[in-house]
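Results of the structural survey
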Amino acid sequence: MSTATGASQAAVASRRPRFRAQRHALLGMPLAGLMLVGYVLPLVLVLGVSLGDGTGQRPFASGLSIAKYVAQFQSPYVWRVIVFTLVVSAAIAVFNALLAYPMALFLARSRSRWRGLAFLVSFTPLAVGMNMLTIGWLIMLGKTGVINAVLQGLGITNEPVSLVYGVTAVAIGLVHVSFTFMLLPIESVLRGIDPLLERAARSLGASPARAFATVTLPLSLEGVAAGMLIVFMQSCGAFVIPLFLGGTGTVMLPVAIWEQMTVANDWPAGAVLAITLTALALAVLAIQLRFFNPLRGAGQP
Amino acid sequence: MSTRARRDWGGRILGAYALVLSLVLIFPLFIVLVASFDSAEYISFPPSGFTLRWYSAVWANPTFATSFQNSLIVAFVSTGIALLVGVPAAMLIVRRRFPGRELLYALCLSSLTVPWIVFGVALLLLWNWFGLGLSIWTLIFGHSVIGAPYVLRTSVAVLAGLPTVYEQAARSLGASPLRAFVTVTLPLMAPGVRAGAAFTFIVSIVNIPISLFVTTSDNITMPVAVFNYMQYNFDPSVAAFSIVQLLVIAVFVTFAVRAANQGGVS
Amino acid sequence: MKVSRRSFMAGAAAAGALATRPSLVMAQDKTLIVTSLGGRWEQSIRTHFAPLFTKRTGYEVKIVSGGPAQWTAQIEGQPSNPPLNAVDNSELLAQSLMDKGLVLKLTPELVPNLKDVPAQFYEPWDSFGVSYQYGASGVFFNKTKITQAPQSWPEFLERAGKGEFGRNVTLPDISYAWTPELVWHLASTMGGSLDNLDPAFEALRKVKPYITKFWATAIEAERLALSREADIGWLWDGRVYAMMDSGAQFLDFRRLKPTSLFSLVPAQVVKTDKSAVAFEWVNTLLDPAPLLDYYKTIQYTPTNRKVVFPEASAARIMPASEGVIPNLRGLAKVTPSIIERWNAEIRG
């Protein structure tokens, strides 16, 4: 239906005087220009570096070669890193959705005077930055850390348990740092759902749980999906958390890029991985725009 | 009556859940606060004594003042730029129909997805290619590219739900397009704009990876200063620095979060 | 491409006239831009070296904190207008800058203190860099748990590989800049060479099950030691001594036989219009007086022979003759294959 109205809109627009259409186009120019120079061009340069045949960082400096792509994608290690990055990020997206949904429901529905404070708290992961989160979890999870002190204090364990520098610590850190990005889309969709719908279901005899499950939950899934995509992308691109909280077995793509560029000093190899990661991210954006685009079916005059 | 009671019961469970989760979210941060007063040479738990010397160490560090100032300049200016380019683009994309509209929208959102570490490297390549020296302006440029899509997306979300009848009414009463926009549309879309600005500001002021490769002595920001320190030191001044950073930006962030709350970010 | 670049430049120059103006002004005033690792290194550079340098030259010092990778990338990226005047580089990246002709040769005329520094600290870079300090590799250990610490590298690896220390051993990961050198060094103490790294990888594969964590940054190694997460592990002398002096009485350090790997930080003068002043900066880095203060803070050994060490710590210092570094050109060549093998055999 949106396509039909869109088409008629386009027809209306095309009947307007030409100079006006051009003048309006000026509105989009600054942002489009910023993106072309600040996003597209830099990535083209990264692509140029990835096609280099030496180890330098000058894009298009030598003949173009796909040798580095072949080398990287023939390495089982690179594949393991890619798969690990995808699997962990997907798991974090799912887990984070389960964690954030009830909180979002609280923020969207509650009239409690604590709601404002809870909203502020749910922003802390984003606002305090990676450094502080990392330090906090290092102190929490270390062998002489808070959790081990509690476990030993309660007599649950005698020896300190190793919690940090592994996939658990990385997952905890990533769930925490991306929590805000999961919460907000869900909360925003939930807030937009008319409570009358659920009340109508209740008046027809549905239990509160059933009313929620058949009315509110399906309507809110759009927000959940949007949040999961953002969190998935964020986790795929995470750098500081896996670097500080992870270990040998938890290398994710951004860390691998960093290693190629700094330890190996092999810029083309790092650029190959960077292009791979960017391609993954763009695929996620395409999915997002395909299924959750506010331009479709909305904004009709 | 009984349904009301049950309803409250559900609400209470939700409230309790929100309370517990909030505590889990802020507890690690509270631990950092505790660690920042630790008198030991290395961060450990439980702390071995109380001291304020790590705070005076932060205060005495000249990088702190520079990075503090830079972070605020970069965050404010890049948010301003993001607003100036993002809001008009949202107007165009929502209000006009033209070929390539969705492509333009995708292009303008694309930097939202770029892995920051890749973008940091890419920006270094860009400035090298232009032969431009690294400065606070190059950093502001990078943060604007990352921030503008937030403004665009939240503005589009709000604008898409706004009927155009108000604008048309204003126009029919003789207002110019600009006047109609400033007096009618902009106030109506303000929540979305505020939310986008809030995001841009926060993302800029805490960002590390974008700035890592393009840091000089003049344009270093607070989080990068802490990151550089953390790579080679783990004394409590790292914690103290983080706490100070948080206090410094808390005022702005609280304001920004309130804006985001009113805006209903999506 | 040239054309598009030029037209881009014209636009950028116009738009960025305001933006670049301040940096042009900066270039003319009396500041020298140098580098340092963050934290206590930066503090030492700032408080021990910078004041002396300013007194001698009238130039202020601006310090860029970060790491060699970022600095080298910035210099190589803008060869015509490098953002740094002098750089404290890593051993391999120093060679990269030298090969690209971006740094200048140091001579005793330009850097008088060079004559008091043994040749082994500038010869690896053909005098295009000089290390003003060195760290020596060894093992730290928790002396309450390990009473019989190993004496040699082969012994350490063998005992660790048999599980004698339990799962409490720590070594650097490949993401640490010195690990390729470490692999070479371990191989060389067991009959290997740059062409034959098998002995090292064989031993490391056996040790792998007993590793609590392969660390990525040296500060992680310190945390592992202090939190007793690791009882024994590879580390530089200065870092362990600094921990011991700040109250970690359960820790001890031992350099193992037959040799120790050097950790060197070649200071280089970048080709800029301020090179003449930058030479004086490197000379200041080699000056005995600030170097002694630096040593007291960081515990890495100054290379200047004229530095007189406090008696209490003299026993800790490794004679420069006992340290080794690999042939850097050869190492650079095999580093990609070391990383590949590490990823496949140690991380796999």
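Here we summarise the structure given alongside this text. (Residues numbered from 1 in each chain as written. Chains lettered and ligands numbered in written order. Predicted model: local features only at pLDDT ≥ 70, side-chain atom pairs only at ≥ 80, totals over all residues. Heavy atoms only, no water.)

**With respect to the overall build of chain C**
For chain C, the count of helices and strands is 14 helices and 12 strands. With the principal axes as the frame, chain C shows a C-alpha extent of 65 × 50 × 35 Å. Each of the 348 residues in chain C was classed as buried or not, and the buried ones make up 61%. Sequence-distant contacts in chain C: of pairs separated by 6 or more residues, those separated by 24 or more amount to 76%. Put simply, chain C shows about 13300 Å² of open surface, and 54% of that area lies on carbon and sulfur atoms. Each charge sign in chain C was given a centre, from 38 positive and 34 negative side chains, and these centres are 4 Å apart. (Helix = DSSP H or I, 4+ residues; strand = E, 2+ residues; numbered from the N terminus. Buried < 20%, exposed > 50% of the residue type's maximum accessible area, 1.4 Å probe, protein only. Contact = heavy atoms within 4.5 Å. Areas by Shrake-Rupley, 256 points an atom, 1.4 Å probe, with all protein chains shown as cover. Lys, Arg positive; Asp, Glu negative; His and termini not counted. Charge placed at Lys NZ, Arg CZ, Asp CG, Glu CD.)

**A word on the interface of chain A and chain B**
The interface is formed by 99 residues belonging to chain A together with 93 residues belonging to chain B. Across the chain A to chain B interface the summed buried area is about 8500 Å²; carbon plus sulfur atoms make up 78%. The interface formed by chain A and chain B contains 3 residue pairs in polar contact (both at pLDDT 80 or more). Ranked by residue count, the leading element in the side of chain A that touches chain B is helix 5 (residues 115-141) of chain A, at 23 residues. The class makeup of the residues in the side of chain A that touches chain B is 69 nonpolar, 21 polar and 9 charged. (Buried area = accessible area lost by both parts, 1.4 Å probe. Polar contact = N/O pair within 3.5 Å; in protein donor to acceptor, adjacent residues only side chain to side chain. Nonpolar A, V, L, I, M, F, W, Y, C, P; charged D, E, K, R; others polar.)

**Examining helix 7 (residues 179-189) of chain C**
Residue and element names in this part refer to chain C. With 10 of 11 residues buried, helix 7 lies mostly within the body of the structure. Within the sequence span of helix 7, burial applies to Thr179, Pro180, Glu181, Leu182, Val183, Trp184, His185, Leu186, Ala187 and Thr189. In the segment just after helix 7, Gly191 is the residue with positive phi, at about 90°.

**Side note on the interface of chain C and chain B**
Between chain C and chain B, the residue contacts involve 36 residues of the former and 29 residues of the latter. Carbon and sulfur atoms supply 59% of the area buried between chain C and chain B, which totals about 2900 Å² over both sides. Salt-bridge contacts for Lys62 of chain C lead to Asp218 of chain B; the nearest nitrogen and oxygen are separated by 2.4 Å. Every element with two or more residues in the side of chain C that touches chain B is listed here: helix 1 (2-15), helix 2 (17-28), helix 3 (40-57), strand 2 (60-65), helix 4 (68-77), helix 9 (218-226) and helix 10 (237-245) of chain C. Its residues assigned to classes, the side of chain C that touches chain B shows 15 nonpolar, 13 polar and 8 charged. (Salt bridge = Lys/Arg side-chain N within 4 Å of Asp/Glu carboxyl O.)

**Examining the side chain of Thr276 of chain A**
Along the polypeptide, Thr276 of chain A turns up in helix 12 (residues 267-291). Within the structure, Thr276 of chain A has its side chain in polar contact with the backbone oxygen of Val272 of chain A (distance 2.7 Å).

**Remarks on the pairing of strand 1 (residues 31-36) of chain C**
Along any regular strand the residues' side chains alternate between the sheet's two faces. Residue and element names in this part refer to chain C. Among the 6 residues of strand 1, 6 are classified as buried, and the element is accordingly described as predominantly covered. On strand 1, burial covers both faces: Thr31, Ile33 and Thr35 on one face and Leu32, Val34 and Ser36 on the other are all buried. Relative to strand 2, strand 1 runs parallel, the two being bridged by 6 bridges. Across the sheet, Ile33 pairs through a bridge with Lys62, a residue of strand 2. In terms of handedness, the path from strand 1 via helix 3 over to strand 2 forms a crossover that is right-handed. (Pairing = 2+ DSSP bridges. Right-handed = clockwise from strand over helix to strand, strands pointing away.)

**With respect to the pattern of salt bridges**
Residues and elements named next belong to chain C. Applying the stated rule across the entire model yields 25 salt bridges over all chains. Linking Asp99 and Arg329 is a salt bridge whose minimum nitrogen-to-oxygen distance equals 3.1 Å. Of the two residues, Asp99 is situated in helix 5 (residues 91-99) and Arg329 in helix 14 (residues 328-346); the sequence distance between them amounts to 230 residues. Residue Asp99 is classed as partly exposed on the basis of its relative accessible area of 48%. Among the residues examined, Arg329 registers a relative accessible area of 40% and is labelled partly exposed. Across the pair Arg341 and Asp198 runs a salt bridge whose closest N-O atoms are separated by 2.8 Å. Taken together, the positions of Arg341 in helix 14 and Asp198 in helix 8 (residues 198-207) put the pair 143 residues apart, joining distant regions of the chain. Judged by its relative accessible area of 38%, Asp198 is partly exposed.

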